[in-house]
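Okay, here's what each chain looks like letter by letter:
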Protein chains: 8
Amino acid sequence: MSLHLREVTGVADDVRFDWTRGARARVPEVVLAESKTIEQLLDIAQQALARQQGVLMTRVQAEKAAVLAEQLPGQVHHHAQARTVVVADQPPESLSQERPVRVAIVAAGTSDAPVVAEIEQALLYLGEPSARYVDVGVAGLWRLTELADELSEYSLLIAVAGMEGALFSVLAGLVPTPVIAVPVSVGYGVGAGGHVALNSALSSCVPGIAVVNIDNGFGAAALAVKLLGIHARA
Amino acid sequence: MSLHLREVTGVADDVRFDWTRGARARVPEVVLAESKTIEQLLDIAQQALARQQGVLMTRVQAEKAAVLAEQLPGQVHHHAQARTVVVADQPPESLSQERPVRVAIVAAGTSDAPVVAEIEQALLYLGEPSARYVDVGVAGLWRLTELADELSEYSLLIAVAGMEGALFSVLAGLVPTPVIAVPVSVGYGVGAGGHVALNSALSSCVPGIAVVNIDNGFGAAALAVKLLGIHARA
Amino acid sequence: MSLHLREVTGVADDVRFDWTRGARARVPEVVLAESKTIEQLLDIAQQALARQQGVLMTRVQAEKAAVLAEQLPGQVHHHAQARTVVVADQPPESLSQERPVRVAIVAAGTSDAPVVAEIEQALLYLGEPSARYVDVGVAGLWRLTELADELSEYSLLIAVAGMEGALFSVLAGLVPTPVIAVPVSVGYGVGAGGHVALNSALSSCVPGIAVVNIDNGFGAAALAVKLLGIHARA
Amino acid sequence: MSLHLREVTGVADDVRFDWTRGARARVPEVVLAESKTIEQLLDIAQQALARQQGVLMTRVQAEKAAVLAEQLPGQVHHHAQARTVVVADQPPESLSQERPVRVAIVAAGTSDAPVVAEIEQALLYLGEPSARYVDVGVAGLWRLTELADELSEYSLLIAVAGMEGALFSVLAGLVPTPVIAVPVSVGYGVGAGGHVALNSALSSCVPGIAVVNIDNGFGAAALAVKLLGIHARA
Amino acid sequence: MSLHLREVTGVADDVRFDWTRGARARVPEVVLAESKTIEQLLDIAQQALARQQGVLMTRVQAEKAAVLAEQLPGQVHHHAQARTVVVADQPPESLSQERPVRVAIVAAGTSDAPVVAEIEQALLYLGEPSARYVDVGVAGLWRLTELADELSEYSLLIAVAGMEGALFSVLAGLVPTPVIAVPVSVGYGVGAGGHVALNSALSSCVPGIAVVNIDNGFGAAALAVKLLGIHARA
Amino acid sequence: MSLHLREVTGVADDVRFDWTRGARARVPEVVLAESKTIEQLLDIAQQALARQQGVLMTRVQAEKAAVLAEQLPGQVHHHAQARTVVVADQPPESLSQERPVRVAIVAAGTSDAPVVAEIEQALLYLGEPSARYVDVGVAGLWRLTELADELSEYSLLIAVAGMEGALFSVLAGLVPTPVIAVPVSVGYGVGAGGHVALNSALSSCVPGIAVVNIDNGFGAAALAVKLLGIHARA
Amino acid sequence: MSLHLREVTGVADDVRFDWTRGARARVPEVVLAESKTIEQLLDIAQQALARQQGVLMTRVQAEKAAVLAEQLPGQVHHHAQARTVVVADQPPESLSQERPVRVAIVAAGTSDAPVVAEIEQALLYLGEPSARYVDVGVAGLWRLTELADELSEYSLLIAVAGMEGALFSVLAGLVPTPVIAVPVSVGYGVGAGGHVALNSALSSCVPGIAVVNIDNGFGAAALAVKLLGIHARA
Amino acid sequence: MSLHLREVTGVADDVRFDWTRGARARVPEVVLAESKTIEQLLDIAQQALARQQGVLMTRVQAEKAAVLAEQLPGQVHHHAQARTVVVADQPPESLSQERPVRVAIVAAGTSDAPVVAEIEQALLYLGEPSARYVDVGVAGLWRLTELADELSEYSLLIAVAGMEGALFSVLAGLVPTPVIAVPVSVGYGVGAGGHVALNSALSSCVPGIAVVNIDNGFGAAALAVKLLGIHARA
């Protein structure tokens, strides 16, 4: 083979965004902003707007969000606690407001709030509104058992917990609704990093919990949307 | 407090089976037989038959299955490769045969066969028939891409893979159908125990994969049945 | 220095049993039999009988127990499920039978039975009878909540659980009684070896759980006895 | 189900503090402040004062403590080394000063001081005064053996150590008093993070040590208070 | 032995650079700058220039690069994204521009860009130009399959991926060209640090992947150059 | 979708061997026999013979090899130490005998012999003869340095070592020839399982070592054959 | 290069024993028998006898020792508990009996006996007699403190302990004599495999402990002999 | 027991420095400054000076050293690279300058310089001068082999290496001198934190290496001084 450097350079347009993923795989590609440069993010944002397609960015540092907002005024919808940015002509709330609520997010403690917010924002972006039940950890079991009937009304529950993650097992044992478990990196000592919560979800004595990666709020939202699509095809 | 030993003994009838879990949580309690004694298994089996309720046992060693079959002739349905036993008046196949197939099991290699079989048996026991696509790992990608349209027809896919578990990401990127990932403890060196496959599923670049514990065939089946129930309630 | 081999040999009488530990530290030395030879066990047993002091051995393989029983007829009290041997003129039950029951053992599943039995035997040997509540895992929460008042009557609870160990948090959140957590090596995949249960106990969202090593039934019993002695000194 | 977003919003009042836990489980809920926002902390503090109930916050960063103090003058009692805040009309010292000292804290080195301080503050908040013996690690064994008789006078010992945590075994072998072990994240290389100290406590050759999570000063205090309550019920 | 301090001091000239390694082992010694002081780096740079030999430094912090550039104007070629410095009279590009391109770098995402840049710079320094294909991860498989024929034209591929690293298996299964896998420390939760990507490469179901350490761009380049030299000797 | 079980069963012919991989990816599919049943192995063997294509099986337990040999007399070539079986009309040696030796296997100790044998058998099956230098670990460095010139004559070296794997760095620093590192699971304590040897190869101070999984003899052979093909295309 | 297979075969005499290591590095090469075949062991044994040089084998399985003894009657000295074989015309005891005892082995429990025996046999083989103090763990501290003066008489102490390894710190804090720590793989739960004991030795609060690998009795003996040689050169 | 808070306070003078350790255990207590407050360090420094005894502090952050120097002018000897402070009337160099050099420090790379400096400063403080050989890693083996005879002249070698730590095995195989291995936390990917270097030292194929904790420069110096004392007692 004998390609020379100059020719090859033309081949390498670095960002190859998968713009058709939404159609092909039901959930569009999103941007994990944490380790991308502001130049890369701006490039993707502009491509998205040019295609009249929105784009969701997760784990966006505050400074990057500020630059994006400055460069694309009115088209950058930033949620500080969730660390998300939606690049679109309209805010994500406008999309889902009138639809019935099929998903509830159930979180063990107030420290889980950032992950809860990421799930909510991602669900909104995907057109799915959600309800929120925070601070219902198993230490005060009454908070959970008194909600059992209400929670059973939803099509799907997303449980969010750090530390020992006992919420996952207790919730899945209480209600017939399917549960998606999102372990959270809240904790210290052996609980640092969220690995105990993750492993608790995976080795739960209640079978049938769908587990996603630690702090992976968007993943939980994407899974929820895919699962809620099941009945559309049956 | 002053209970005396004799009184207390009466309190302690060791097996407290959760016979109403099927009604409450959609999937009945099953028995993880591996670390139970044959006496405990027989006890549960007899309680089940007395209630005219079947019971599924998983990870049943061959010798325990033989004793059960001997003690309860005609009522113990043992699947050697799956290492499952269904205690019931009728074999599990009789339950689900006439229903449409909504779930497909997609496995990377023939070494994953025992876990595939556990999923199939558990699905049958739960009344859900399944199709099976084995030996379609990513090393020969054509095996998977040529099936993409066919696999898109199912409501739900259960992907089964050991080693590096690349199947999970590739499959979830190819089809819009939701994917449950079952990592398998096939591998050696860094791949021993199935942890790489598990972590690949959790950290996949394709969001929206529902992960269960390593080798947890029953868990995947239970999750599938819960998820297929979503549309019934919407 | 110039000691010669012959002299030194006299110094090295290998077993230096700590016969006064019971008096000094409230709980006598026990023998972890697993990695000791039958000769070493017999030697200790004979020293104990010569001193008219009993001795407890834990993790005794069946064959070793048989040899001990053969060599010391009537003085070896073996419990197969607990894998314990008490070497004494009288069986351990004879010691504690008339005392009120202050400790309850609460176990998540029937697979935890061997550890439960070790705790019971150790408590009996230490003169403390106990009550037992097995198979009350959180998957069927009603089994636990309906016992809450009864369990609150005891001075101390010993909770025993493998897999994700959610029992520890739920129990400690339900009752005011102090809880000792004994993680059990029942589980597979990420749950193998009991590490998830251990870490759940340690990182519980309910503070104030006293944790001991995985499968450490004797340790839990020893801790219980030490703790029950607190009020005697106050 | 068809709840709409607006209605649901009313349900989700984020902080559901477990105000009755003190009555139910003997130790009230405390606030792990580290990953909470200042808004969440202020909200809880104000609820507490409104109920004329104090509240303890642990792992409070200095800046958050300053904001709390500014907003609630005279009602925020901050201990810098312990990183604790007690929100109450009176300082925690006022509660316990006249009671006999039943608990001693025994720490291996001066580097353990922050954890020692957290234990002391938590005990004061729970109404239990304590004595302190710092810098008595096993490297200079005489420091510990000469205290053996004095330490035996207490009802309960809380041992605090990082690095290899040999203090736990040595102390528990020296005195009959029950020992709570608090591993500390002081160390480097293999000792980093406190895991060696934790595992030393769990696998100690002296049975009967009650272990809590690394750096979990409040957990040790809560456990102590629960255990000291045992004799009150017998 | 009786050397005295003064004599010994003369022996200890700290930097013993291996200037002949290029001739002996085909790839010259490079400098891992991360944990070296600016004094050490300047010393090596000056030695290199004095020998009219260039030197490559990797993982150079921006401030150190600035000091070097200031001290050795015109001779320090810094690449910010790659974090490399080449100390030489001419920029590295001048060396390799006219040679045919035998190596292609294939990267899963734009977050891998810094490692891609380090590989490119190192290859240039070693006289080997390369082509670049970025953002072709398996989530959008079409991006990779449509490149299969083009990629097969190269002598060697260097695959760069973080998260679950499925790219390594898929690429190696698609083309006959040998693949060097460079895992990248992009990811979070179980994917943090790049260990999942590394282990995926090592336990791939496609045998024959050459793996290097996480983020080791230079190592991949050095391996490529050594391997491309094989045919020169046959 | 409404496929019924009967139809689906026809779809599921479990073994989908990738018979064209040799042509597509240069190295044919091989069979990891360890976790396959004897029925699965026989099925593959018969398919291979029917296509007049040989097949290599690795990690074949002795009993399975015996059954294969019995069922397919004269066509099963078993190497006990390597634990390999070649199913073919002719033994693997017949293929490669007349070709020049381009690869040398260099092993640290005699305990590495099984992995060395697997590499040799795999290379023979792939048509590549090899030389072997065993027991040349760095403890007796003279064994290695006196071979340096001879080893430099080969196109490629495969280094095999367990324990601390210092051989990889020393060898790669001594000769210009590229080195493939195969860590071996020989060792105990921290060295158990081969992880130290693996990590030593990956973090070597000598850049440019191609690493494969622990005990992965076939992987090293496959990589060698792919790499030796580079010059054919240049 | 074009060596042909036949020539190369002559090069590969597999066992290259380092017979001059004793002279060069003070301690001769020994044979880790565990993963070697009986043929390899016999070959080495016969080479040793032919050179009138003895050889020590460690971790020898009983069956291998029996075959060796049968093949080389009177020249194989097997120690069952230590799992060592010395191949020599005379038993190892004959070498060292008349020399003063400079090394004492101090072991925490009787379960450590096999490692103690390996150290003793290895020391004898290397010409160094030793004294033994077993069962002096820190749970009964008096056993250790009453020996402090006696132990201070030796030139060197080898401490042997499993579980939490507190013995290492306590011993090194009590006596001025240098301590070699040998962690032992006795323990369960977090203590399994000896890693806690190892890490305790490494992160001891008493600096100056020389640590060797888990269960590495021979390594401790070799280190002791090297260290005792220091004074000979000063 | 009924001690009251006030009395107890008198007991708790926090710093209990072990001033007699030098006499008892040959090496005096040193201060690990990293996690101590400046108040604690000043307190110890003043106690030391009051006793006319010096004290060594390790891992002293620059700001703490500056405060100490300001408070105790002329008596604080700070070495920036080593991060050590010696509090004494005279600098540590003054103590050892006239003694013969018995210890050599051999380091793999210039990145190891801070640990080398800590060893040197600690040895000086303990009255033992040393020679230094830096940048002699195995990648350029000639650097090490040409020093073999010179290094054999010392009584003791301290080897310092990060990354894969091959230096430990190579050095110990080359010279008869005893080797203390100090693993260094230099490296990235699998080599991060120094664990690979540590485990390489522990599982070396050359028996008889004395290992200390990662980055534990003082520990190596303390061990060296203890070992050099052996011949004084024989």
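These remarks concern the structure in this document. In this text, all values refer to a predicted model and were calculated from it rather than measured experimentally. Chains are numbered independently. Their residues run from 1 in the order of the written sequence. Think of it this way: whatever chain is written first is A, whatever ligand is written first is 1, and the rest follow in order. In keeping with the predicted nature of the model, local features appear solely for residues at pLDDT of at least 70, side-chain atom pairs appear and are counted solely at 80 or more, and the whole-chain, interface and lining totals rest on all residues. Each side-chain value is worked out from all heavy atoms of the structure, with water and hydrogens disregarded.

1. Concerning the arrangement of the chains
Note on contacts: a residue pair is in contact if any heavy atoms of the two residues lie within 4.5 Å. Here chain C and chain F are not in contact; the least distance found between their C-alpha atoms is 17 Å. The two units chain A and chain G never meet; even their closest C-alpha atoms stay 13 Å apart.

2. Notes on the interface of chain G and chain H
Every contact between the two is made by 38 residues of chain G and, on the other side, 38 residues of chain H. The contact between chain G and chain H buries some 3,100 Å² in all, and 60% of this surface belongs to carbon and sulfur atoms. Salt bridge criterion: a side-chain nitrogen from Lys or Arg within 4 Å of a carboxyl oxygen from Asp or Glu. For the pair chain G and chain H, the interface holds 0 salt bridges. Whenever two N or O atoms come within 3.5 Å, that pair is a polar contact, provided that in protein one can donate a hydrogen and the other can accept it, and provided that, for residues adjacent in sequence, both atoms are side-chain atoms. Along the contact surface separating chain G from chain H lie 1 residue pair in polar contact (both at pLDDT 80 or more). Only Asp, Glu, Lys and Arg are considered charged in this grouping, and only Ala, Val, Leu, Ile, Met, Phe, Trp, Tyr, Cys and Pro are considered nonpolar; every other residue, Gly among them, is considered polar. Each residue belonging to the side of chain G that touches chain H can be placed in one class, and the counts come to 23 nonpolar, 9 polar and 6 charged. Put simply, buried area is how much 1.4 Å-probe accessible surface two parts lose in total, over both of them, once they are put together.

3. Here's the deal with the sheet that holds strand 4 (residues 84–87) of chain G
Residues and elements named next belong to chain G. Pairing in this open sheet of 4 strands is mixed, and the strands run 1-2-4-3 from one edge to the other. Each edge of the open sheet is held by one strand with a lone partner, namely strand 1 (31–32) and strand 3 (76–79). For two strands to count as paired, DSSP must find a minimum of two bridges between them. Strands here are runs of E lasting at least two residues and helices are runs of H or I lasting at least four, both read from the DSSP assignment and numbered beginning at the N terminus. Pairing of strand 2 (residues 55–58) with strand 4 involves 3 bridges; the strand directions are antiparallel. Residue Val 55 lies in a different strand from strand 4, and its bridge partner there is Val 87. An axis is simply a line fitted to the C-alpha atoms; with a helix, the fit covers only the stretch in contact. Between two such axes, the angle follows the N-to-C directions and lies from 0 to 180 degrees. Against the sheet, helix 6 (residues 113–125) engages strand 2, strand 3 and strand 4, with an angle of about 170° to strand 2.

4. Comments concerning the relation of the copies chain G and chain H
Look at the two chain copies: a rotation about an axis and a shift along it is all it takes to match them. Superposition of the copies used a least-squares fit over C-alpha atoms from residues whose pLDDT is at least 70 in both. Of the two same-sequence chains, chain G is brought onto chain H (RMSD 0.0 Å, axial shift 0.0 Å) by a rotation of 180°. In short, the pair behaves as if placed about a two-fold rotation axis. Residue by residue, 100% of the interface of chain G is reproduced at the interface of chain H, so both copies engage with the same surface.

5. Regarding the pairing of strand 3 (residues 76–79) of chain C
All names here are of chain C. Note that strand 3 and strand 4 (residues 84–87) share 4 bridges and pair antiparallel. When the sheet's bridge partners are listed, His 77 is paired in strand 4 with Val 86. As consecutive antiparallel partners, strand 3 and strand 4 are separated by 4 residues, and within that stretch Arg 83 has a phi angle of approximately 55°, a positive value.

6. Regarding the pairing of strand 7 (residues 156–161) of chain E
Residue and element names in this part refer to chain E. With a 1.4 Å probe rolled over the protein chains alone, any residue whose accessible area is under 20% of its type maximum counts as buried; one over 50% counts as exposed, and the rest are partly exposed. By the criterion of burial, strand 7 is predominantly enclosed, with 6 of the 6 residues buried. Side-chain alternation along strand 7 places Leu 156, Ile 158 and Val 160 on one buried face and Leu 157, Ala 159 and Ala 161 on a second face that is also buried. Judged from the 5 bridges that link them, strand 7 and strand 8 (residues 179–183) form a sheet pairing that is parallel. Looking at the pairing, Val 160 lines up with Val 182 of strand 8. Note on handedness: a clockwise path from strand one over the helix to strand two, with the strands aimed away from the viewer, defines a right-handed crossover. One crossover worth recording links strand 7 to the parallel strand 8 by way of helix 9 (residues 166–174), and it is right-handed.

7. Examining the environment of B:Ala82
Residue and element names in this part refer to chain B. Structurally, the position occupied by Ala 82 is in the loop between strand 3 (76–79) and strand 4 (84–87). Ala 82 sits in the buried class, given a relative accessible area of 3%. Taking the C-alpha atoms as reference points, Ala 82 and Asp 18, separated by 64 residues in sequence, lie 24 Å from one another. Once you skip the residues sitting within four places of it in the chain, Ala 82 turns out to touch Pro 114, Ala 117, Glu 118 and Gln 121.

8. Section: the environment of C:Gly229
Residues and elements named next belong to chain C. With respect to the helices, strands and loops of the structure, Gly 229 is situated in the loop between helix 11 (217–228) and helix 12 (230–233). Judged by its relative accessible area of 14%, Gly 229 is buried. Spatially, the C-alpha atom of Gly 229 lies 8.7 Å from that of Arg 26, the residues being 203 residues apart in sequence.

9. Describing the side chain of H:Lys36
All names here are of chain H. For Lys 36, the position within the fold is in the loop between strand 1 (31–32) and helix 3 (38–50). In this structure Lys 36 is buried but unpaired, with Glu 29 as the nearest side chain of opposite charge at 6.8 Å. Reaching out from Lys 36, the side chain makes a polar contact with the backbone oxygen of Leu 32 at a distance of 3.1 Å. Lys and Arg are tallied as positive, Asp and Glu as negative. Neither His nor the chain termini are counted.

10. Quick word on helix 4 (residues 62–71) of chain E
Residue and element names in this part refer to chain E. Three or more residues of helix 4 are buried, namely Lys 64, Ala 65 and Leu 68. Projected down its long axis, helix 4 shows its buried positions confined to an angular sector of 100°, all on one face. Turned more than 90 degrees off the buried face of helix 4, the exposed positions are Ala 62, Glu 63 and Glu 70. The secondary structure elements touched by the buried residues of helix 4 are helix 3 (38–50), strand 2 (55–58), strand 3 (76–79) and strand 4 (84–87). Taken from the helix axis, the directions to the C-beta atoms give the arc we talk about.

11. Focus on the sheet that holds strand 4 (residues 84–87) of chain F
Residues and elements named next belong to chain F. Spatial ordering of the open sheet is given by 1-2-4-3, a layout of 4 strands whose pairing is mixed. Strands at the two margins of the open sheet, each flanked by one partner only, are strand 1 (31–32) and strand 3 (76–79). Sheet analysis places strand 1 next to strand 2 (residues 55–58), joined by 2 bridges and oriented parallel. Counterpart to Leu 32 in the pairing with strand 2 is Thr 58. Contacts from helix 3 (residues 38–50) reach strand 1, strand 2 and strand 4, with the element oriented near 160° to strand 2. Most of the contacts of helix 6 (residues 113–125) go to strand 2, to which it runs at about 170°, and overall it touches strand 2, strand 3 and strand 4.

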